[in-house]
Amino acid sequence: MEEDYDVGSGAPEEDLSLPKATVTKLIQEMMPSDIACAKEARDVIADCCVEFIHLISSEANEICEKEAKKTIAGEHVLAALQSLGFEEYIQECKDVYEDHMKQTKDREKRSNKLDKAILNSEEAAAMQEELFAKARMRMQSQDNIVTGQGSNPSPG
C-alpha cells in the first residue's frame, strides 16, 4: 500500500496528505540527477505543499464566499494567489487553467459525439436487418452469376 505524508492539524490524515510516490516523483523531476533528497527533506516538502494548498484554498474559499458563490472556481484560486502575494505564480497557473479548460471542452465534444452516435435498440435492429438484406442480395447475385442465371441478356 502506498504511504502517504500526513500533517498533524487535528484533521483525519487522509484529508491532509499527499501520496509519497507523487511527492518523490515531483522532487526527482525538479532536482539534478546527481543530487539525492533525504526522506526527512521529502517529508518537509510534502508538509509545505499541503500547507500551501490549504492556504490558497482557504483564501479562495473566502473570496468565493464574498461573491456569494458556493463553488470555488479557477478565477477564485487566481485571485487568492494575487491576494496572498504570490503574483509570480499567476501566469503559470492561468496557462495550466486554460489548458485544463480546453481539455475539458475537447473531452465534452468527444462525449457528445459518442452520445449522438449511439443508436437505440430499435434503430440498431433496423440497421442490422438492412445490412442482412443487402448481404443476402449480394450472395444471391453471386450465386446467380456462378450458376449462369445472371443478368446477361439472352440472345434472341
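Residues numbered from 1 in each chain as written. Predicted model: local features only at pLDDT ≥ 70, side-chain atom pairs only at ≥ 80, totals over all residues. Heavy atoms only, no water.

Draft legend 1. Structural view of a negative patch on the surface. A contiguous patch of negative charge on the surface is contributed by Glu 92, Asp 95, Glu 98 and Asp 99. Tracing the backbone shows Asp 99 in helix α4 (residues 87–117). (Patch = residues over 30% accessible without salt bridge, like charges linked within 9 Å, V, L, I, M, F, W, Y side chains within 5 Å. Areas by Shrake-Rupley, 256 points an atom, 1.4 Å probe, with all protein chains shown as cover. Salt bridge = Lys/Arg side-chain N within 4 Å of Asp/Glu carboxyl O. Lys, Arg positive; Asp, Glu negative; His and termini not counted. Charge placed at Lys NZ, Arg CZ, Asp CG, Glu CD. Helix = DSSP H or I, 4+ residues; strand = E, 2+ residues; numbered from the N terminus.)

Draft legend 2. Geometry of the layout of surface pockets. Taken as a whole, the largest pocket holds about 510 Å³ of empty space. Lining of the largest pocket is provided by 13 residues; of these, Phe 52, Ile 53, Leu 81, Tyr 89 and Cys 93 occupy positions nearest its centre. Going through the elements one at a time, α2 (39–66), α3 (74–83) and α4 are the ones with two or more residues in the lining of the largest pocket. Ranked by residue count, the leading element in the lining of the largest pocket is α2, at five residues. (1 Å grid on protein atoms, 1.4 Å probe; cavity = no way out; pocket = protein on both sides within 12 Å on 5 of 7 lines; lining within 4 Å. Points joined across faces, edges and corners; volume = space filled by probe spheres on them.)

Draft legend 3. Quick peek at the side chain of His 76. Within the secondary structure layout, His 76 lies in helix α3. Ignoring sequence-local partners within four residues, the contact set of His 76 consists of Ala 60, Ile 63, Cys 64, Glu 67, Lys 69 and Thr 71. (Contact = heavy atoms within 4.5 Å.)

Draft legend 4. Fine view of the confidence of the model for the protein chain. Per-residue pLDDT for the protein chain has a mean of 83; in total, 82% of the residues score no lower than 70. Segment residues 1–10 is flagged for pLDDT under 50; beyond a separation of four residues in sequence, or across chains, it makes 25 contacts in the model. (pLDDT = per-residue confidence, 0-100.)

Draft legend 5. Quick peek at helix α5 (residues 121–146). Over its 26 residues, α5 runs 37 Å from end to end, which matches the ideal 38 Å to within 8%, given 1.5 Å per residue. With its phi angle positive at about 85°, Gly 148 sits one or two positions after the end of α5. (Expected span 1.5 Å × (residues − 1).)

Draft legend 6. Representation of the packing of α2 against α3. At their nearest, the axes of α2 and α3 sit 8 Å apart, and the two run at 110° to each other. It follows that α2 is roughly perpendicular to α3 by the angle criterion. For the pair α2 and α3, the contacting residues are Phe 52, Ile 56, Glu 59, Ala 60, Ile 63 and Cys 64 in the first and His 76, Val 77, Ala 79, Ala 80, Leu 81 and Ser 83 in the second. Here the residues of the contact of α2 with α3 sort into nine nonpolar, two polar and one charged. (Axes fitted to C-alpha atoms, helices over the stretch in contact; angles between N-to-C directions. Parallel < 35°, antiparallel > 145°, perpendicular 65-115°, else oblique. Nonpolar A, V, L, I, M, F, W, Y, C, P; charged D, E, K, R; others polar.)

Draft legend 7. Local environment of helix α1 (residues 20–30). Listing the buried residues of α1 in full gives Val 23, Thr 24 and Ile 27. Each buried residue of α1 lies within a common arc of 100° when the element is viewed along its axis, so the set occupies one face. Summarising the geometry of α1, the exposed residues directed more than 90 degrees from the buried face are Lys 25 and Glu 29. (Buried < 20%, exposed > 50% of the residue type's maximum accessible area, 1.4 Å probe, protein only. Arc of directions from axis to C-beta.)

Draft legend 8. The arrangement of the nonpolar core in detail. One finds Ile 56, Ala 60, Ile 63, Leu 78, Ala 80, Leu 81 and Ile 90 forming the largest nonpolar core, which totals seven residues. Sorting the residues of this core by element identifies α2 and α3 as the ones contributing at least two each. Counting six residues, the second largest nonpolar core, distinct from the first, contains Leu 16, Leu 18, Ile 27 and Val 50. (Core = buried A, V, L, I, M, F, W, Y, C linked by side-chain atoms within 4.5 Å.)

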